[in-house]
Amino acid sequence: TFLVWLASGWARWTSGRIYQKAFLWAFGSTCLTVTLKVVMLVDDVDLSSGFLEDAAFLEFAFATVSQVAGFLVVFQFSQAYSRFWNGSQIIHSMMGSWHDATSCCLAFCRNSAAPEEETRQFQHMFVRLVSLLNAMILGDLEGLEVVEAAMKQMHQTNSRDLATWSCARGLDFEVLDISSMSVDDVETVYCAGNRVEVVYHWLEALLVEHVRTGVLS
């Protein structure tokens, strides 16, 4: 179990393009260093002749490399820190917008001309779709693709029970009462390449439909 957890963590850590490029450069440099060291030890080759014996040159080269590396580290760290906080602020603002939009739509149902049961069904469905939309957006931002593996397992077992699908999380984020949705709808949105657009369209269609029926006034 520990090895599986370690392997999955390593796969997620190296799934980004930045980590892959950095790993390739570091791995190549390491292999070159090990190769040169092995050649020096096995063949008794002295690679320190020439300019490598100049202490002044070595000191200057080390100072230059250290300064450049320090500048790059500080610059990249400051950029990453700034982007992290900007992204956090945008995400919290987005979640606040979902709350405001949901509150407004539910408030518009107070003077509904439709039956109370139909109004309740609309409110429950709207809240669940907003929860699903939020999960899809956060999942796309994080870049997790755990749902595809779960969907393959579902098809292999031919299971149509949401309780056995482990779909209580949308792209590894919690979804409000996803078991209340039909299995076909859940499978459609989880298998779609544009999950966010699909759920957003469902929300728009739900609003337009219930404006026509008089639920929203």
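Residues numbered from 1 in each chain as written. Predicted model: local features only at pLDDT ≥ 70, side-chain atom pairs only at ≥ 80, totals over all residues. Heavy atoms only, no water.

Attention now moves to the overall build of the chain. Counting its regular elements, the chain contains eight helices and two strands. Starting at the N terminus, the α and β elements of the chain follow one another as α-α-α-α-α-α-β-β-α-α. Out of the 217 residues belonging to the chain, those deemed buried represent 24%. Partitioning the contacts of the chain with sequence separation of at least 6, the portion at a separation of at least 24 is 68%. Working note: accessible area of the chain is about 15,700 Å², and carbon and sulfur atoms make up 65% of it. (Helix = DSSP H or I, 4+ residues; strand = E, 2+ residues; numbered from the N terminus. Buried < 20%, exposed > 50% of the residue type's maximum accessible area, 1.4 Å probe, protein only. Contact = heavy atoms within 4.5 Å. Areas by Shrake-Rupley, 256 points an atom, 1.4 Å probe, with all protein chains shown as cover.)

The biggest cluster of nonpolar side chains holds 28 residues, and the ones touching the most others in it are Phe122, Phe126, Leu132, Met136, Ile178, Val189 and Tyr190. Listed by contribution, the elements that provide at least two residues to this core are helix 3 (55–107), helix 4 (116–142), helix 7 (183–191) and helix 8 (195–212). Among the elements that take part in this core, helix 4 stands out by supplying ten residues, more than any other. (Core = buried A, V, L, I, M, F, W, Y, C linked by side-chain atoms within 4.5 Å.)

Glancing now at the side chain of Thr102. Tracing the backbone through its elements, the reader meets Thr102 in helix 3. Excluding residues within four positions of it along the chain, Thr102 makes contact with Phe126, Val127 and Val130.

Another aspect to go through is the UniProt feature "transmembrane region" (unreviewed entry) in the chain. UniProt feature "transmembrane region" (unreviewed entry): in the numbering of this structure it lies at residues 22–43 and 55–75. Secondary structure across residues 22–43 comprises 95% helix and 0% strand; the distance between its end C-alpha atoms is 32 Å. With 100% helix and 0% strand, residues 55–75 has its two end C-alpha atoms placed 30 Å apart. (UniProt positions renumbered as here; feature names shortened; annotations may be inferred.)

The next thing to look at is a nonpolar patch on the surface. A cluster of nonpolar side chains, Val34, Val38, Leu41 and Val42, forms an exposed patch at the surface whose accessible area comes to about 390 Å². The residue Val42 is located in helix 2 (residues 17–42) in this model. (Patch = residues over 30% accessible without salt bridge, like charges linked within 9 Å, V, L, I, M, F, W, Y side chains within 5 Å. Salt bridge = Lys/Arg side-chain N within 4 Å of Asp/Glu carboxyl O.)

With that out of the way, let us pick up helix 3. Here helix 3 is 53 residues long and its end C-alpha atoms lie 77 Å apart, about the 78 Å a rise of 1.5 Å per residue gives. Among all positions in helix 3, only Ser88, Met94, Thr102 and Cys105 are buried. Turning to helix 3, the residues buried within the fold contact helix 4 and helix 8. (Expected span 1.5 Å × (residues − 1).)

The final tally for this structure, using the stated rule, is one salt bridge. One salt bridge in this structure joins Arg212 and Glu209, with 2.4 Å as the shortest N-O distance. In this pair, Arg212 and Glu209 both sit in helix 8, three residues apart, roughly one turn of the helix. The class for Arg212 is exposed, based on a relative accessible area of 60%. Taking the relative accessible area as the measure of exposure, Glu209 reaches 36% and is therefore partly exposed.

The N-to-C vectors of helix 4 and helix 8 enclose an angle of 160 degrees; their axes lie 9 Å apart at closest approach. In terms of axis orientation, helix 4 runs roughly antiparallel to helix 8. For the element pair helix 4 and helix 8, the recorded crossing hand is left-handed. Listed contacts from helix 8 to Glu118, Phe122, Met125, Phe126, Leu129, Val130, Leu132, Leu133, Met136, Ile137 and Asp140 of helix 4 are Arg195, Val196, Val199, Tyr200, Trp202, Leu203, Leu206, Leu207 and His210. (Axes fitted to C-alpha atoms, helices over the stretch in contact; angles between N-to-C directions. Parallel < 35°, antiparallel > 145°, perpendicular 65-115°, else oblique. Left-handed = near helix turned anticlockwise from the far one by under 90°.)

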